[in-house]
Amino acid sequence: MLYWLTGLSDGGDFFNLFRYITFRAGAAFFTALIFGFLFGRPLIDLLRRKQGKGQPIRDDGPQSHMAKVGTPTMGGLLILSALLFSTLLWARLDNGYIWIVLGVTYGFALIGFADDYAKVTKQNTKGVSSKIRMLLGLAIAAIAAILAAWLHPAELANQLAMPVFKNSLINLGIFFVPFSMIVIVGAANAVNLTDGLDGLAIMPVMIAAATLGTIAYIVGRVDFTNYLGVHFVPGTGEIFVFTAALIGGGLGFLWYNAPPAAVFMGDTGSLALGGALGAIAVCTKHEIVLAIVGGLFVVEALSVIIQVLYFKKTGKRVFLMAPIHHHFEKKGWAEPQIVIRFWIISLILALIGLATLKIR
């Protein structure tokens, strides 16, 4: 919104700063961070009063989790409020990609909120039917994919870009939308599965957002894309403002979610943030890179799929418990040990993802 102040600029004054994506991204980061610090505690107190017993804890989970009984959930509202306020304030609102990413983020947030609300009010871990959640998620993702394909340049529309092999494009044709739906819904649910320990999901989300935001900025500048040999997707640079706001809001949330957590993110936050990562990857034509950058989320999701399929076939378990972070808990790893090691893995994967831009 504040971008419109550039209309007051003669090209050499303070208002000219608002033309620069990097300036507005920095401002978005600090705005969201301050928002989180200011409203974090009041929101947590409100959630605790409204929810009473807080998020129900799985009976079959690690026994150490019983100490978390009474912790409120829906803490994702803090991130999402900071993110929305900061993005609307600092991003260009005439940019279609911003609205696609916002639409996916808050569409999935509504699904997650309904699920969290059902769990809290019924004091049951089941929440909303998984089929309903999946159908709604696919519908949101389909709309986003169609709009992204419409905004992409003609030479990139419905194409799948490959990392490293930068001149290669795979024409998905009518399958681009279903493929993008899988990317977005898969990312949302993978982050949701990862959100099982204090601070575990939010830091990898911020690392992935920082990486994808950097990629969005790069592919949105023709000078950078010419140098690196990647495909130019005009307009995506504005997503950098969104990801900066996400990181600021995420840090504000982590202040209260660090062990022992004062609030849980809940499906409200995890589905929304995962969906956002998937939408950014689709908009920037870096769906494959998302699988690298978000490799931790991929492993978490695969551990559940493998566990379920193997158990149905043999009656035995591959892991002591799925998702895989619970497996390590069962093996005796301390919760902070698992969280920090997973953060390190996420950072390494993010660097590998960025490296694909330079490899020819």
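Our structure's up above, just so we're on the same page.
Residues numbered from 1 in each chain as written. Predicted model: local features only at pLDDT ≥ 70, side-chain atom pairs only at ≥ 80, totals over all residues. Heavy atoms only, no water.

Trainee: Looking at this structure, I do not really get the overall build of the protein. What am I missing?
Mentor: Across its full length, the protein carries 13 helices and 2 strands. In terms of overall size, the protein behaves like a compact globule, its C-alpha atoms giving a radius of gyration of 20 Å where 360 residues would be expected to give roughly 21 Å. C-alpha atoms of the protein, sized along the principal axes, occupy 60 × 45 × 35 Å. When burial is assessed residue by residue, the protein has 54% of its 360 residues classed as buried. The long-range fraction of contacts in the protein, counting pairs at least 24 apart against all pairs at least 6 apart in sequence, stands at 74%. Surface summary for the protein: the accessible area is close to 16,000 Å², and the carbon and sulfur share equals 70%. Each charge class in the protein was averaged separately, 27 positive and 18 negative side chains, and the resulting centres sit 8 Å apart. (Helix = DSSP H or I, 4+ residues; strand = E, 2+ residues; numbered from the N terminus. Rg over C-alpha atoms; globule rule 2.2 N^0.38 Å. Buried < 20%, exposed > 50% of the residue type's maximum accessible area, 1.4 Å probe, protein only. Contact = heavy atoms within 4.5 Å. Areas by Shrake-Rupley, 256 points an atom, 1.4 Å probe, with all protein chains shown as cover. Lys, Arg positive; Asp, Glu negative; His and termini not counted. Charge placed at Lys NZ, Arg CZ, Asp CG, Glu CD.)

Trainee: Just checking my understanding: could you explain helix α1 (residues 21-51) for this structure?
Mentor: Spacing of three or four residues puts side chains on the same side of an α-helix, whose turn is 3.6 residues. Most pronounced at F39, the bend in α1 amounts to some 45°, and the proline P42 follows within four residues. G52 occupies a position one or two residues after α1 and carries a positive phi of about 70°. (Bend = angle between axes of the 7 residues up to and from the residue.)

Trainee: Is there a simple way to think about the environment of G229 in this case?
Mentor: Inspection of the secondary structure assignment puts G229 in the loop between α7 (222-228) and α8 (239-257). In this structure G229 comes out as partly exposed when scored by relative accessible area, which is 24%.

Trainee: Can you help me understand empty space enclosed by the protein in this one?
Mentor: Think of a ball as big as a water molecule: rolled over the atoms, this probe shows where empty space is left. Inspection of every chain in the model, using the stated rule, returns 2 cavities of 30 Å³ or more. Taken as a whole, the largest cavity encloses approximately 140 Å³ of empty space. Taken together, 14 residues form the lining of the largest cavity, with A161, M162, P163, V230 and H286 sitting closest to its centre. Partitioned by chemical class, the residues of the lining of the largest cavity number 8 nonpolar, 4 polar and 2 charged. Here the element with the most residues in the lining of the second largest cavity is α1; it accounts for 4 residues. Here the residues of the lining of the second largest cavity sort into 6 nonpolar, 2 polar and no charged. (1 Å grid on protein atoms, 1.4 Å probe; cavity = no way out; pocket = protein on both sides within 12 Å on 5 of 7 lines; lining within 4 Å. Points joined across faces, edges and corners; volume = space filled by probe spheres on them. Nonpolar A, V, L, I, M, F, W, Y, C, P; charged D, E, K, R; others polar.)

Trainee: How should the environment of L93 be read in this particular structure?
Mentor: Following the sequence through the fold, L93 ends up in the loop between α2 (76-90) and α3 (96-122). Owing to a relative accessible area of 26%, L93 belongs among the partly exposed residues under this scheme. Sequence-wise, L93 and A149 are 56 residues apart; in three dimensions their C-alpha atoms are separated by 19 Å. Beyond its immediate sequence surroundings of up to four residues, L93 is in contact with M1, T87, L88 and W99.

Trainee: I keep staring at the side chain of T105 and nothing clicks. Help me out?
Mentor: Mapped onto the elements of the fold, T105 is located in helix α3. For T105, a relative accessible area of 0% gives the class buried.

Trainee: How do you make sense of a nonpolar patch on the surface when you look at a structure like this?
Mentor: Taken together, the side chains of V298, L302, I305, I306, L309, Y310 and V318 present a nonpolar region at the surface, about 600 Å² in accessible area. Along the chain, I305 falls in helix α11 (residues 295-314). The exposure class assigned to I305 is partly exposed, which follows from its relative accessible area of 47%. (Patch = residues over 30% accessible without salt bridge, like charges linked within 9 Å, V, L, I, M, F, W, Y side chains within 5 Å. Salt bridge = Lys/Arg side-chain N within 4 Å of Asp/Glu carboxyl O.)

Trainee: Explanation requested: the pattern of salt bridges in the structure shown.
Mentor: A side chain of one charge can pair with a side chain of the opposite charge when the charged atoms of the two come close. Counted by the stated rule, this structure contains 9 salt bridges. D267 is the partner of K119 in a salt bridge, and the nearest nitrogen-oxygen pair spans 3.2 Å. You can see K119 sitting in helix α3 and its partner D267 sitting in helix α9 (residues 266-284), a full 148 residues away along the chain. Here the two residues K119 and D267 agree in accessibility, since each one is buried. A salt bridge links D223 to R221; the nearest nitrogen and oxygen atoms lie 2.6 Å apart. Several salt bridges converge on common partners, so that one network encompasses D115, K119, R133 and D267.

What is shown is where atoms sit, not what they do.
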